[in-house]
Each structure stands twice: as structure tokens, then as C-alpha cells.
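# Per-entry structural report
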Amino acid sequence: MKRNGTTPRLSGTTLRILVSLSVLHGLNDAMQSAVTATYPLLKDDLTLSFGQIGLITLTYQIAASVFQPFVGLYYDRHPSSRSLPLGSCLTMAGFLSLAFADSLSWAMGSVFMVGMGSSTLHPEASRLTSIASGGRRGLAQSLFQVGGNLGGALGPLLVAFLAAPYGRRYISFFSVLSFIAILVAMPVGRWYRRRLQLFKQEHAEMKVRTESPLPMKTVVFSISILLLLIFSKYIYMASLSSYYTFYLIEKFHVSVQFSQVCLFVFLGATAIGTLIGGPAGDRIGRKYVIWASILGVAPFTLLMPHVGLYCTIATSFFIGLIISSAFPAILLYAQELLPYKLGLVSGLFFGFAFGVAGIASAVLGKMADLHGIEAVYQTCAYMPLLGIIAWLLPDPGKKQDCSGI
């Protein structure tokens, strides 16, 4: 968004806040991605089937998704500077418990706590990103998202080198990351507290600035289209994030450590794509980025089940690079449709994405048990074709200033 023909600049303070939020997102998602990276260890230690692995994922994703819109809506109405440290505390408790879980139910309870930590952090951190954006919302959201993607890429790598060679007890190492996240969140909370005092003084003005740029029927229709696009994106993403290591081990007979490195390649590509997606949406329009990123990945998803090991790794890199650019554009498009409901919108879209991934993981796990892991990728390869419905999205018109609460 431009004002008076110039691109808004970020102040030193808000840039530090954006970097802190990106780091916090990275620490959180490193811990979240470590959950799926520990599946081979849990499968061996607890003698679990693929279906039971899917149940663990489903439990985690329910905690990390169903609660997100409610958390976002609650903090829309009752903003608090303590929310971010609370989420990190829940994640810490979950990992300490998971390291010593000796049953399926114990493991499910542990990942539920980890999921609740994510459910608390995502809507609030996304809200603060918009508040601190200074009008450069595409750049700010991409910076926030790329922190999460980099952290998500590092999680499996840390498991591969710190836990896989030594045993599942070393998963407790991730509680140290939770403690660091608490330290990072504290100055952000102090900054947010000062902003809350300012917003209270401007409350009357904020009330008259909450109109959507489109009629409510169009908003509801557009949100539905965006959720369908999230559905197509995250079903395929679930097949990679949850079962890619198993696919490589079964089809190409690689080691667990090598499979984790390959997962890191895919997740690292998603970080690059995310960094591109937000600013590209600012320049050429979010609708076109959404369309290209989901539909444009289809040729690679259709190719991957039919190539060798190194082509599979390369194809997964391009899949991650292209498909990851969609989420910042989708989230910002939705926030522009519902300005000043940033927590609700962020919670809805983060939560729905996590929920789709969780349900898909459970279904895909059962499919893998019945038909083999390769059948999962042959089936999911067609999901990005649903991206063609992005052409139904309207132009939201004039961009909104979503720097408020």
C-alpha cells in the first residue's frame, strides 16, 4: 500500500518487533515440525501403525486448529500482552511430556499440549505483525511466515542430529527452544502493552473504521473460496510433511537421517517461497499469486511419483517453493475482506490449515496402511488442480489500513 505516492517505511522499533515476531514464529514452528519428525522414533518405540501415527497427528492438529479461531476472536475482544509467553509455556510442557511418553494415549496428550501452544501463538503473533507492519503488510506477513517456515525446516534437522541417533528422550531438548521463545516474547509483550494504551484512547475512532470493502455476501463467498484453496493446498502439504520420510525410506531404501535431510530440503524451499509470496502479492495482486502458486504446482505434483530419488528431491524443492507462496497472499486477502478482525481471520485460516492437515494425515495414514505409501502420492498429486477456482475471487478494491486491533 502506498500513501501520497511513496512506499511506507518501517521505523526501527517496529522493524525490531517484526524481526522478533519472525524469530518467535520460527522457534514455535521448529518445535511444531519436530512433532512430525519424531514419528519414526515413536513408531519404533511404541510399536505404532501408520493409522495410529495418523491419530497422533489428528490429536495435535485438532488442538492446533479448532481452538485457533476462538483464541483469535477472544483476543480481538480482550487483547492481552501475556498471550505469546503463555503459548510458549504450553509448548514446553508438551515436549517434556512427549520425551517420556510410554503409551499411545500419553503421546496424544503430549502433542495436544504442543498444539495448544501453537493455537495460542499463531493468531496473536499474526495480529501483531499487521499492527507493526507500518502499511507494508505483504512484506511484514512474508517476514513473519518465513520465520515459521525456516523454523519448520530446522525442526526435522534438529531431530535428525540430536534425537534420532541417541533416542527419543532427547526430544526434551526442544523445551530449551520454548524457554528462548518466552524470552523473545517478553519485549514484544511490553511493546504491545504500550500500543494497547494508545488504542484505548482511539477506541471511538476505531469503531467507525471497521467496514468491509465488499458486501457481506461477497465476503462470505470469497472466504469460502479461500478456504477451499487452503483445503487443496494443505491436503497435499500433509502428504509431504507427515509421510515424505516414510515414502523415501520405503521406495528408495534410504536411512532415517537421510530422509530427514530430504524433508529439510522441502521445508527450506517453502521458506523461500513464503518470502516471495507476500511482496509479490503487493506488486501484482494477491489473487494472481494465489492462482499461480496452487494451480502452478500441479505439473510437479503429478510428476513426483514417477521419478527417481534425486529427481524426487529436486521436484519436492520446486513444489515447496511454488505452493508456499500462496498462504501469505490468502491470509492478507482475507484480512483485507474483514479488517479489524485480524485475530479471528488469522485463527480461522491458520486453524483451518492445521485442521485440514490433521484430518488428511489421519486419512492418508489409513490409506498407506491399506494400499501402500506410494498410493498416497499418486492420489494427492491431483489436489492442486483445485486451484483453478481462484479465478472466482473478486477484486477487494481499495486496500484497508489494518494496523489496528
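Along every chain, residues carry numbers that run from 1 in the direction the sequence is written. Per-residue local features are limited, in this predicted model, to residues with pLDDT of at least 70; the limit for side-chain atom pairs, both in listing and counting, is 80 or more; totals at the level of whole chains, interfaces and linings are taken over all residues. With hydrogens and water set aside, each side-chain value is computed from the structure's full complement of heavy atoms.

### With respect to the overall build of the chain
Worth spelling out the cut-off: The way it works is that DSSP assigns letters per residue, a run of H or I at least four long becomes a helix, a run of E at least two long becomes a strand, and they are numbered from the N terminus. A simple rule labels every residue: compare its accessible area, found with a 1.4 Å probe on the protein chains alone, to the largest value its type can have, and call it buried under 20%, exposed over 50%, or partly exposed in between. The contact rule is simple, with two residues in contact once any of their heavy atoms fall within 4.5 Å. The Shrake-Rupley method, run with a 1.4 Å probe sphere, supplies the accessible areas, and residue values consider only the shown protein chains as cover.
Check the secondary structure of the chain and you find 17 helices and zero strands. Per-residue burial over the chain gives 58% buried out of 405 residues. When contacts within the chain are restricted to residue pairs at least 6 apart in sequence, long-range pairs at least 24 apart make up 85% of them. About 16,100 Å² of surface is accessible on the chain, with carbon and sulfur atoms providing 67% of the total.

### Some remarks on the environment of Gly 189
You can see Gly 189 is positioned in helix H8 (residues 174-201). Since its relative accessible area comes to 7%, Gly 189 is described here as buried. In sequence terms Gly 189 and Leu 128 are 61 residues apart; their C-alpha atoms lie 9.8 Å from each other.

### Notes on a nonpolar patch on the surface
Formally: Note on patches: the residues involved have over 30% relative accessible area and no salt bridge, like charges join within 9 Å, and the nonpolar side chains Val, Leu, Ile, Met, Phe, Trp and Tyr join within 5 Å. Take a side-chain nitrogen of Lys or Arg and a carboxyl oxygen of Asp or Glu: if they are within 4 Å of each other, that pair is a salt bridge.
Taken together, Phe 161, Leu 162, Phe 173, Val 176, Ile 180 and Val 261 make up a surface patch of nonpolar side chains, about 450 Å² in accessible area. Secondary structure elements with two or more residues in the nonpolar patch: helix H7 (137-163) and H8. Mapped onto the elements, Val 261 comes out in helix H11 (residues 256-284).

### Points about helix H14 (residues 309-323)
The test is simple: Each residue after the first adds 1.5 Å to the expected span of a helix. Each C-beta atom gives one direction from the helix axis, and the arc is the one those directions make.
Between its first and last C-alpha atoms H14 spans 21 Å; for 15 residues at 1.5 Å apiece the expected length is 21 Å, and the two agree. Residues of H14 that are buried include every one of Leu 309, Thr 312, Ile 313, Thr 315, Ser 316, Ile 319, Gly 320 and Ile 323, and no others. Angularly, the buried residues of H14 cover 165° about the axis, an arc narrow enough to put them on a single face. The inward-facing, buried residues of H14 contact helix H10 (216-252), H11, helix H12 (286-295), helix H13 (298-303) and helix H15 (326-337).

### Details of the pattern of salt bridges
Applying the stated criterion across every chain, the model contains two salt bridges. One salt bridge in this structure joins Glu 124 and Arg 127, with 2.7 Å as the shortest N-O distance. Here Glu 124 and its partner Arg 127 are both found in helix H6 (residues 104-131), three residues apart, which amounts to about one turn of the helix. Here Glu 124 and Arg 127 have matching classes, each one buried. The partner of Arg 286 in a salt bridge is Glu 336, and the shortest N-O contact between them spans 2.8 Å.

### Things to note about the packing of H10 against helix H17 (residues 373-380)
Test applied: Whenever a helix is involved, its axis is fitted only over the stretch in contact; in every case the axis is a line through C-alpha atoms, and angles between N-to-C directions fall within 0 to 180 degrees. Should the near helix be turned anticlockwise from the far one by less than a right angle, the crossing is left-handed, and should it be turned clockwise, the crossing is right-handed. Residue polarity follows a fixed list, in which Ala, Val, Leu, Ile, Met, Phe, Trp, Tyr, Cys and Pro are nonpolar, Asp, Glu, Lys and Arg are charged, and the others, Gly among them, are polar.
Where H10 meets H17, the closest approach of the two axes is 9 Å, and the angle between their N-to-C directions is 145°. Relative to H17, the crossing made by H10 is left-handed. Where H10 abuts H17, its residues Ile 235, Tyr 236, Ser 239, Leu 240, Tyr 243, Tyr 244, Phe 246, Tyr 247, Glu 250 and Lys 251 lie against Ile 373, Glu 374, Val 376, Tyr 377 and Cys 380. Class assignment of the residues belonging to the contact of H10 with H17 gives a composition of 11 nonpolar, one polar and three charged.

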